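# Structural overview
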Amino acid sequence: MSQSDRELDEIVRIARAAAAIVMDVYATPFAVEMKGPGDPVTRADREANALICGALEAAFPGEAILAEESVPAGDELAARFGRERVFFVDPLDGTREFADRNGEFAVMIGLAVRGRAALGVVVMPTTGEALAGRAGDDGGFAFLEARDGSRRPLQVSAVASPADATLIVSRSHRPKEIEPLLSRLGIAKVVPCGSVGVKIARIATGEVDLYVHGGGGAKLWDSCAPEAVLRGAGGRFTDLAGAPIDYTGPGLKLARGIIASNGALQDAVVAAARSELG
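Everything numeric here is computed off the predicted structure, so don't read it as measured data.

## Here's the deal with the packing of aromatic side chains
- Applying the stated criterion across every chain, the model contains eight aromatic pairs.
- Consider the rings of phenylalanine 60 and phenylalanine 87, whose centres lie 5.3 Å apart with planes at 40°: the pair is tilted. Here phenylalanine 60 is found in the loop between helix H2 (43–59) and strand S3 (64–67), whereas its partner phenylalanine 87 is found in strand S4 (residues 85–93), with 27 residues between them in sequence.
- Classification of phenylalanine 60 by relative accessible area gives buried; the value is 12%.
- For phenylalanine 87, a relative accessible area of 0% puts it in the buried group.

Put into structure tokens, the structure is as follows:
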């Protein structure tokens, strides 16, 4: 695949425009509301969501969109899941980190084609970095675009032994189920971080090697864009049983968890997860 990709370039542009809105809000006092237990939302989430959805509708007329702050209900949700191409939008991944002002949040736009993550853009507003990629069974590519527009290819690490791996985990809610998995694999190096998108970005850049999520609060818009970027960079992304993530619904939750790695570690971690987490 060529890195001259008009569709991907347009989505980078849209995500960067949303990131600018996020940073405008970040620079001011803002209120944090709760949509539900442990589910914060801010003006930045809503305004970025509106911009992204409007821009996607203009650039890709008629395409299905599932965005965190404007989820349709019932038959309309099912109809969107049934489309061949579906955009999954997380306008502000890491709202808790945004509210804590620690910089660990991202704007994410992913595209699933026939139920598989195919394209993704993850923008880190505080650094101005955009990670973008395409994934496919026949190969893919991924790149990091700096604030100045320069690009470099992304490549995951080559770490092949779990004992040598660095695991990145949630800063705010590290699941208890992960501890026996770490013990079985002999993993000692653990780095806390907010935002699924930022975690996966750090695997795609080779900074860390592995992320495991036990299921729970994550949804398909948390995984679609990061998955496409990671797979484009040479990594692997599955559920805890080693199966591909299915973006055809009917639900939005990632109930079967996530294992995301540099690829070389994936089989060992999946095997350990099957033993420890059932």
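## With respect to the pattern of salt bridges
- Inspection of the entire model under this criterion finds 18 salt bridges.
- Among the ionic pairs, arginine 151 bridges to aspartate 9, the shortest N-O distance being 2.9 Å. One end of the pair, arginine 151, is in strand S9 (residues 151–153); the other, aspartate 9, is in helix H1 (residues 6–26), and 142 residues separate them in sequence.
- Looking at arginine 151, the relative accessible area reads 35%, which means it is partly exposed.
- For arginine 114, the salt bridge identified is with glutamate 84, shortest N-O distance 2.6 Å. In this pair, arginine 114 sits in the loop between strand S5 (106–113) and strand S6 (116–124) while glutamate 84 sits in the loop between helix H3 (74–81) and S4, placing the two residues 30 residues apart along the sequence.
- Overall, the relative accessible area of 62% leaves arginine 114 in the exposed class.
- The network of salt bridges with common partners includes Asp5, Glu7, Glu63, Arg85 and Arg134.

## Remarks on the sheet that holds S3
- Ordered by their spatial adjacency, seven strands build an open sheet running S3-S4-S5-S6-S7-S8-S9, and the pairing between neighbours is mixed. Here the strands that pair on one side only, and so sit at the sheet edges, are S3 and S9. Each adjacent strand pair in this sheet contributes to an overall mean axis angle of 20°, direction not counted.
- Two elements, S3 and S4, share four bridges in a ladder whose sense is parallel. Pairing of isoleucine 65 across the sheet is with phenylalanine 87, part of S4.
- Together, S3 and S4 form the strand contacts of H3, whose direction differs from that of S3 by roughly 120°.
- Strands in contact with helix H7 (residues 220–232) are S3, S4, S5, S6, strand S7 (129–134) and strand S8 (141–145); relative to S6, the strand with the most contacts, it is inclined by about 95°.

Reading the values: the criteria
Residues numbered from 1 in each chain as written. Predicted model: local features only at pLDDT ≥ 70, side-chain atom pairs only at ≥ 80, totals over all residues. Heavy atoms only, no water. Phe/Tyr/Trp six-rings, centres within 6.5 Å; stacked < 30°, edge-to-face > 60°. Helix = DSSP H or I, 4+ residues; strand = E, 2+ residues; numbered from the N terminus. Buried < 20%, exposed > 50% of the residue type's maximum accessible area, 1.4 Å probe, protein only. Salt bridge = Lys/Arg side-chain N within 4 Å of Asp/Glu carboxyl O. Pairing = 2+ DSSP bridges. Axes fitted to C-alpha atoms, helices over the stretch in contact; angles between N-to-C directions. Contact = heavy atoms within 4.5 Å.

Read these as spatial facts, not as claims about activity.
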